[in-house]
Amino acid sequence: MGRRIVNESGKNKTAYIAFAIMSVLILLLGVLIYYLHNVRGNMQSITLTEHGIENTELKTDFGTLLPGESSEYTINFECKDVGAYKFSFFYTAKENSPLGKYVTVEVKNGEERKASGNLGELLSGNVLIATYTFEEATTGLLTVRYVMHEDVGDEAQGASLDFDLRLTVEKIG
């Protein structure tokens, strides 16, 4: 009889360990799905050809920006025709917001800054232009980064940014 109690106790420990391992695996799978969703959710793929592309709408929902923080959006492109391309970013405000003047927009290729501008000025009609040269048919990345200034105060409370972003790419060389 004492032997039977020991076996049941060992089975219970094994069941608890198996349950703990399964719980950790489910948690890790959830974190992986969340990470892949965020990375893929902030990326768009574009194919560049001899004539470029026109009027592609890009995602502008980059979440909440707090003072001193940034958010990024990646454009992944496949170049079918070598040469230089001009990327024109057109911003259109859906509503007026005082936050635009506190956000800097940067377009980068890795660590190399291709273009930058103040979002408030871009929303008032200025165009952000970056050039990118492909030496061979390949893939490339541009990162559009939004950086909120650290010195934003009470004017940012309750304010939000809502705008459309269109990208035009044309081959220039």
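Here goes a summary of the coordinates provided. Here the structure is a predicted model, which is why all the values come from computation and not from measurement. (Residues numbered from 1 in each chain as written. Predicted model: local features only at pLDDT ≥ 70, side-chain atom pairs only at ≥ 80, totals over all residues. Heavy atoms only, no water.)

**Points about the overall build of the protein chain**
For clarity, the threshold we go by: Here a helix means four or more residues in a row that DSSP labels H or I, a strand means two or more in a row labelled E, and each is numbered from the N terminus. For each residue, the accessible area found with a 1.4 Å probe, counting protein chains only, is set against the maximum for its type, and the residue is called buried under 20%, exposed over 50%, and partly exposed in between. The contact rule is simple, with two residues in contact once any of their heavy atoms fall within 4.5 Å. With residues, only the protein chains shown are counted as cover, and all accessible areas are computed by Shrake-Rupley using a 1.4 Å probe.
For the protein chain, the helix and strand inventory stands at 2 helices and 9 strands. Each helix and strand of the protein chain, ordered N terminal to C terminal, gives the series α-β-β-β-β-β-β-α-β-β-β. Of all 173 residues assigned to the protein chain, the portion counted as buried reaches 30%. Looking at the protein chain alone, contacts between residues at least 24 apart form 79% of all its contacts between residues at least 6 apart. Summed over all atoms, the accessible surface of the protein chain reaches about 11,100 Å², with 52% contributed by carbon and sulfur.

**Digging into the nonpolar core**
The test is simple: Nonpolar core, defined: a set of buried Ala, Val, Leu, Ile, Met, Phe, Trp, Tyr and Cys residues in which side-chain atoms within 4.5 Å join the residues together.
By size, the foremost hydrophobic cluster in this structure holds 32 residues, and its most contacted members are F87, F89, Y91, V144 and Y146. Sorting the residues of this core by element identifies strand 3 (70-79), strand 4 (83-93), strand 5 (103-109), helix 2 (119-123), strand 7 (127-134), strand 8 (139-148) and strand 9 (163-171) as the ones contributing at least two each.

**Focus on the pattern of salt bridges**
Formally: Put simply, a salt bridge is a Lys or Arg side-chain nitrogen that is within 4 Å of an Asp or Glu carboxyl oxygen.
One pass over the structure, following the stated rule, counts 6 salt bridges. The partner of R145 in a salt bridge is E72, and the shortest N-O contact between them spans 3.7 Å. With R145 in strand 8 and E72 in strand 3, the pair connects residues that are 73 residues apart, well separated along the chain. By relative accessible area, E72 is classed as partly exposed at 43%. One salt bridge connects R145 with E106, and the closest N-O pair in it is separated by 3.4 Å. Within this pair, whereas R145 is found in strand 8, its partner E106 is found in strand 5, the two being separated by 39 residues in sequence. Linked through salt bridges whose partners overlap, the residues forming this network are E72, E106, R113 and R145.

**A look at the pairing of strand 6 (residues 112-118)**
Applied cut-off: A pair of strands counts as paired when DSSP detects no fewer than two bridges linking them.
Inspection of the sheet shows strand 5 paired to strand 6 by 6 bridges, in the antiparallel sense. Across the sheet, residue T104 finds its bridge partner in strand 6, namely N118.

**Things to note about the packing of aromatic side chains**
Where two aromatic rings form a pair, the distance of their centres and the angle of their planes describe that pair. Note the threshold: In this scheme Phe, Tyr and Trp rings, the latter by its six-membered ring, pair at centre separations within 6.5 Å, and the angle between planes marks the pair as stacked below 30 degrees, edge-to-face above 60, and tilted otherwise.
With the rule as written, the count across this model stands at 3 aromatic pairs. Here Y91 and F163 contribute two aromatic rings whose centre-to-centre distance is 5.5 Å and whose plane-to-plane angle is 55 degrees, an arrangement assigned as tilted. Here Y91, found in strand 4, pairs with F163, found in strand 9; they are 72 residues apart in sequence, far enough to count as distant. For the pair Y91 and F163, one class covers both residues: buried. Pairing Y146 with F163 gives two aromatic rings, centres 6.1 Å apart and planes at 50 degrees, and the pair type is tilted. With Y146 in strand 8 and F163 in strand 9, this pair connects stretches of sequence that are 17 residues apart.

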